[in-house]
Amino acid sequence: AEEILEKGLKVKEYELRKDNFSATGNFGFGIQEHIDLGIKYDPSIGIYGMDFYVVLSRPGYRVAYRKRKQGRVGAPHRVNKEEAMKWFQQKVCALLYQRLGPAHP
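This structure is a prediction, so every number in the text was calculated from the model and none was measured.

Student: Quick question: what am I supposed to make of unusual backbone geometry here?
Tutor: With the exception of glycine, most residues fall at negative phi, and the peptide bonds are largely trans. One non-glycine residue, Glu 13, lies in positive phi territory at about 60°. Positionally, Glu 13 belongs in the loop between α1 (2-11) and β1 (15-17). One non-glycine residue with positive phi stands out, namely Tyr 14, at about 55°. Following the sequence through the fold, Tyr 14 ends up in the loop between α1 and β1.

Structure, rendered in structure tokens:
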């Protein structure tokens, strides 16, 4: 999974907007053409885009989803937007930028 993410970020030149991160610590981005990942072009398929979405969580998050003795994950244990951006910058050595102008042209 990490190598696919690495290829996707290489297409995006290791830059993501701060808007790509959700309040719950997840982030996602899209690419226009799958051939940018190094996948060979097939005329029968054509060119298609791809969306990448990464969900970050700490160990122990399973308590909220297991069937027996289900518990709740407290607020300090959840990953927030700032922590996700910090992790992204350290792990991937990538840049974050703020979009200028209107949100939807």
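Student: Mind showing me how you'd approach α1 here?
Tutor: Residue pairs three or four apart in sequence face the same way in an α-helix, which turns once every 3.6 residues. Among all positions in α1, only Leu 5, Gly 8 and Leu 9 are buried. What you see down the axis of α1 is that its buried residues fit within an arc of 100°, all on one side. Exposed and oriented more than 90 degrees from the buried face of α1 are Glu 3 and Lys 10. The inward-facing, buried residues of α1 contact β1, β2 (27-31), β3 (50-54) and α2 (81-92).

Student: Explanation requested: the side chain of Asn 26 in the structure shown.
Tutor: Its place among the elements puts Asn 26 in the loop between β1 and β2. A distance of 3.1 Å separates a polar atom in the side chain of Asn 26 from a polar atom in the side chain of Thr 24. Within polar-contact distance, the side chain of Asn 26 engages the backbone nitrogen of Leu 56 at 3.4 Å. Apart from residues no more than four positions distant in its own chain, Asn 26 is found in contact with Asn 20, Phe 21, Tyr 53, Val 54, Val 55 and Leu 56.

Student: Is there a simple way to think about α2 in this case?
Tutor: Taking 1.5 Å of rise per residue, the 12 residues of α2 would be expected to cover 16 Å, and the 16 Å separating its terminal C-alpha atoms lies within 8% of that figure. Residues of α2 that are buried include every one of Ala 84, Met 85, Phe 88 and Val 92, and no others. Looking straight down α2, one finds that the buried residues subtend no more than 100° of arc, so they occupy a single side. Along α2, the residues that are exposed and aim more than 90 degrees away from the buried face are Glu 82, Lys 86 and Gln 90. Looking one or two places after α2, you find Cys 93, whose phi comes out positive at around 55°.

How each quantity is defined
Residues numbered from 1 in each chain as written. Predicted model: local features only at pLDDT ≥ 70, side-chain atom pairs only at ≥ 80, totals over all residues. Heavy atoms only, no water. Helix = DSSP H or I, 4+ residues; strand = E, 2+ residues; numbered from the N terminus. Buried < 20%, exposed > 50% of the residue type's maximum accessible area, 1.4 Å probe, protein only. Arc of directions from axis to C-beta. Contact = heavy atoms within 4.5 Å. Polar contact = N/O pair within 3.5 Å; in protein donor to acceptor, adjacent residues only side chain to side chain. Expected span 1.5 Å × (residues − 1).

Shape is all these values report; function is a separate question.
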